[in-house]
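# A structural walkthrough
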Amino acid sequence: MTLLEAKDLKAYYITKSYGIERTVHAVDDISLDVNTDEILGIAGESGCGKSTLLRVMFGIIRPPLQLIHGTVAYRSGDRSLDLLSLTDDEYRQIRWKELSYIPQGSMSVLNPLRRVRKTFWDFIDTHRPNTTRREFEDLVTGHLSDLGLPAEVLDAFPHQLSGGMRQRVTIALATILKPRLIFADEPTTALDVIVQSGVIDLLRRIQAEARNSLVIVTHDMGIHANLADRIAIMYAGQIIEEAPAKQIFGNPQHPYTKYLIHSLPRIGDKSHRISSPGRPPSLMVPPKGCRFRDRCEQKRRICREERPLLVSIGENHKVACFLAVKEGAHAS
Ligand SMILES: Nc1ncnc2c1ncn2[C@@H]1O[C@H](COP(=O)(O)OP(=O)(O)O)[C@@H](O)[C@H]1O
Ligand SMILES: [Mg+2]
């Protein structure tokens, strides 16, 4: 079942300096659904627009980012709300309680001058104003213990915790009100590999227990392989392939997806890797046609002239590539 439906999103950074206007097409015509009870991964190289897309889907668009086009419909009970046109008041009713967001570099959201307990208290007090101290202690220690975190973290200042523990505490804070949808932006990127796997286990556990939905952004395909049920691959502000994780890794269709998967390190593997030299195009003047074509070994003339749309090529599998689309595929 669809929980959130992002449709035809265009969101650009528009800045002006010395009278010259500069437009970065960070999210450039993206439609993407999030289903109930799933982990959706969003992958792609640094700078392709992942963080921007996540912020738009969460409904926070602040200058210089501007919404040019599109809607984000969130299903709340039997209502459908367009997150991009709610008033601040309306959005306050659901933000953090139903939808939650763990920003990139979020370990820094913990106030360094406050003990963790105080940060949790302020958060709960803001969103559930009539909570008593007793209820607060029960709620917080219960949640921490569900997540396998020691209650002692509450007495610590952030700098007294390791990076991994700080990240877990941030995740605990973002999930304490049991949101139905959690957006997490590179939640493991600053951590070393061992600590990463603990944080991944934590996210998996939260999702499995609450049966809510998690949208995780990371450039790290290894993490997607470990965690995601379904994956959307972004390239230069657009989604170029979307499929269940098994399909993405077992039967990738877009040359860029193939490249991403083959550049994953494999233990003991010394075989030749598919190379895709070059860099993504500028998002200030994105080229007409396929944005990957300059890096693509199989490009044809049409790739220069027309934009390949994201179309269905099988059950739950969509791809935006002229080479991959066979007869009978239909635009979605
Ligand atoms: N505040 C900003 N002003 C102008 N351009 C920005 C801003 N933030 C991000 N961008 C640009 O938008 C594009 C997408 O960035 P981002 O969404 O952060 O990508 P990712 O998360 O995939 O690394 C990049 O080209 C980046 O330089
Ligand atoms: Mg980012």
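Placed above this text is the structure.
Report on the accompanying structure. These numbers come from a predicted model, not from an experiment. (Residues numbered from 1 in each chain as written. Chains lettered and ligands numbered in written order. Predicted model: local features only at pLDDT ≥ 70, side-chain atom pairs only at ≥ 80, totals over all residues.)

## Looking at the overall build of the chain
The helix and strand inventory of the chain stands at 10 helices and 13 strands. Taking 332 residues into account, the globule formula puts the C-alpha radius of gyration at 20 Å, and the chain, at 21 Å, falls close to it. With respect to the principal axes defined by its C-alpha atoms, the chain has extents near 70 × 50 × 45 Å. For the chain, with 332 residues in total, the buried portion stands at 39%. Considering only residue pairs separated by 6 or more positions, the chain has 63% of its internal contacts joining residues 24 or more positions apart. (Helix = DSSP H or I, 4+ residues; strand = E, 2+ residues; numbered from the N terminus. Rg over C-alpha atoms; globule rule 2.2 N^0.38 Å. Buried ≥ 20, exposed ≤ 12 C-beta atoms within 10 Å, placed from the backbone. Contact = placed C-beta atoms within 7 Å.)

## Overview of the pairing of strand S9 (residues 230-235)
Counting buried positions along S9 gives six out of six residues, so the element sits mostly inside the fold. Neither face of S9 is open: one carries Arg230, Ala232 and Met234, the other Ile231, Ile233 and Tyr235, and all of them are buried. Note: strand S3 (residues 39-43) against S9, four bridges, orientation parallel. Bridge pairing links Leu40 to Arg230 in S9. Examined bridge by bridge, S9 and strand S10 (residues 238-244) share six bridges and lie antiparallel to one another. (Pairing = 2+ DSSP bridges.)

## Let's talk about helix H1 (residues 50-58)
The buried fraction of H1 amounts to eight of the nine residues, a majority that puts the element mostly inside the structure. Within H1, burial applies to Lys50, Thr52, Leu53, Leu54, Arg55, Val56, Met57 and Phe58. With its phi angle positive at about 85°, Gly59 sits one or two positions after the end of H1.

## Structural notes on the site of ligand 1
If you check the shell around ligand 1, you find 14 residues, and the closest are Tyr13, Ala26, Lys50, Ser51 and Thr52. Those elements that place two or more of their residues in the shell around ligand 1 are strand S1 (2-17), strand S2 (20-35) and H1. Here the element with the most residues in the shell around ligand 1 is H1; it accounts for three residues. Looking at the shell around ligand 1, its residues break down into six nonpolar, seven polar and one charged. (Near = placed C-beta within 6 Å. Nonpolar A, V, L, I, M, F, W, Y, C, P; charged D, E, K, R; others polar.)

## With respect to helix H9 (residues 255-262)
Among all positions of H9, only Pro255, Tyr256, Thr257 and Leu260 are buried. Those residues of H9 hidden inside the fold are in contact with S3, helix H7 (221-227), S9, S10 and helix H8 (245-250).

## Some points on unusual backbone geometry
The step from Pro63 to Pro64 runs through a cis peptide bond, and the omega angle for that step is 5°. When you line up the elements, Pro64 lands in the loop between H1 and strand S4 (65-76). A positive phi angle, near 55°, is found at Lys178, a position not held by glycine. For Lys178, the location among the structural elements is in the loop between helix H5 (163-175) and strand S7 (181-185).

## Quick notes on the environment of Leu84
Positionally, Leu84 belongs in the loop between strand S5 (79-82) and helix H2 (88-94). With 161 residues separating them along the chain, Leu84 and Ala245 place their C-alpha atoms 29 Å apart. Leave out the neighbours within four places in its chain, and Leu84 touches Gly59, Leu67, Thr71 and Val72.

## Digging into the packing of H5 against helix H6 (residues 193-210)
Between H5 and H6, the least distance of the axes is 9 Å, while the angle of their chain directions is 15°. On the basis of the axis angle, H5 is roughly parallel to H6. In this structure, the crossing between H5 and H6 has a hand that is right-handed. Of H6, the residues touching H5 (which contributes Gly163, Gly164, Gln167, Arg168, Ile171 and Thr175) are Val195, Gly198, Val199, Leu202, Leu203 and Ile206. Residue composition of the contact of H5 with H6, by class: six nonpolar, five polar and one charged. (Axes fitted to C-alpha atoms, helices over the stretch in contact; angles between N-to-C directions. Parallel < 35°, antiparallel > 145°, perpendicular 65-115°, else oblique. Left-handed = near helix turned anticlockwise from the far one by under 90°.)

## Some thoughts on the environment of Pro255
Mapped onto the fold, Pro255 is located in helix H9. The exposure class assigned to Pro255 is buried, which follows from the 23 C-beta atoms found within 10 Å. Non-local contacts of Pro255, meaning those with residues more than four positions away in its chain, are made with Phe292, Cys296, Gln298 and Cys321.

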